[in-house]
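Architecture and fold: a report
This is what each chain is made of:
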Amino acid sequence: MVMKRTAVLDTLRKQARSCGLAVELTELTRHTAVRVGRTSRTLGRHAEVDDKTARKFFDQFDDEFGGKGWW
């Protein structure tokens, strides 16, 4: 399965909003830097993101959102 890149970012924004955290996006050359709280990670600029990649991306924000499986 694949997930649209916009859906990945929307899911992250909704969770951050519910936790009272700001989301900062910075466009890099081939990636988008995503910062939530103190955690900053990059997401490739592809139209679709593989589910496994999306899960690993979401896992990187577990500390900000209070634990595993928040998505």
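First, a word on what this report is: a plain description of the structure on this page. The structure presented is a predicted model; accordingly, all values stated were derived computationally and were not measured. (Residues numbered from 1 in each chain as written. Predicted model: local features only at pLDDT ≥ 70, side-chain atom pairs only at ≥ 80, totals over all residues. Heavy atoms only, no water.)

Looking now at the nonpolar core. One recurring pattern in soluble globular proteins: nonpolar side chains tend to sit buried together. L12, F57 and F61 are the most contacted members of the largest nonpolar core, which has 14 residues in total. Of all elements in the fold, only α1 (5-18), β3 (31-36) and α2 (51-59) reach the threshold of two or more residues within this core. Beyond its immediate sequence surroundings of up to four residues, F61 is in contact with L12, V34, V36, T39, R41 and W70. (Core = buried A, V, L, I, M, F, W, Y, C linked by side-chain atoms within 4.5 Å. Buried < 20%, exposed > 50% of the residue type's maximum accessible area, 1.4 Å probe, protein only. Helix = DSSP H or I, 4+ residues; strand = E, 2+ residues; numbered from the N terminus. Contact = heavy atoms within 4.5 Å.)

Our next topic: the side chain of T39. For T39, the location among the structural elements is in strand β4 (residues 39-44). According to the relative accessible area criterion, T39 is buried, its value standing at 10%. Separated by 2.9 Å, the side chains of T39 and E64 make a polar contact. Excluding residues within four positions of it along the chain, T39 makes contact with V34, Q60, F61 and E64. (Polar contact = N/O pair within 3.5 Å; in protein donor to acceptor, adjacent residues only side chain to side chain.)

Here the idea is simple: oppositely charged side chains can pair when their charged atoms come close. Going through the model one piece at a time under the given rule, you end up with 5 salt bridges. Note that K4 is salt-bridged to E48, the shortest N-O span being 3.5 Å. Taken as a pair, K4 in strand β1 (residues 2-4) and E48 in strand β5 (residues 48-50) lie far apart in primary sequence, 44 residues in all. For E48, a relative accessible area of 43% gives the class partly exposed. A salt bridge links E27 to R45; the nearest nitrogen and oxygen atoms lie 3.0 Å apart. (Salt bridge = Lys/Arg side-chain N within 4 Å of Asp/Glu carboxyl O.)

The α-helix winds at 3.6 residues per turn, so residues separated by three or four positions along the chain end up facing the same way. In this model α1 runs 20 Å from its N-terminal to its C-terminal C-alpha over 14 residues, within 8% of the 20 Å that 1.5 Å per residue would give. Among the residues of α1, those classed as buried are R5, V8, L9, L12, Q15 and A16. In a view along the axis of α1, the buried residues occupy a sector of 130°, so they form one face of it. Seen from the open side of α1, the exposed residues pointing more than 90 degrees away from its buried face are T6, K14, R17 and S18. After α1 finishes, the residue G20 shows a positive phi value of roughly 75°. (Expected span 1.5 Å × (residues − 1). Arc of directions from axis to C-beta.)

A separate point is the sheet that holds strand β2 (residues 23-27). Pairing is antiparallel in the open sheet, where 3 strands are placed in the order β2-β3-β4. Whereas interior strands pair on both sides, the edge strands pair on one side only; in this sheet they are β2 and β4. The mean angle between the axes of side-by-side strands here comes to 25°, regardless of whether they run parallel or antiparallel. For β2 and β3, the ladder comprises 5 bridges, and the chain directions are antiparallel. Note that in β3 the partner of V23 across the bridge is V36. Here α1 sits on the sheet in contact with β2, β3 and β4, set at roughly 150° to β2. (Pairing = 2+ DSSP bridges. Axes fitted to C-alpha atoms, helices over the stretch in contact; angles between N-to-C directions.)

Functional significance is not addressed by these values, which are geometric in nature.
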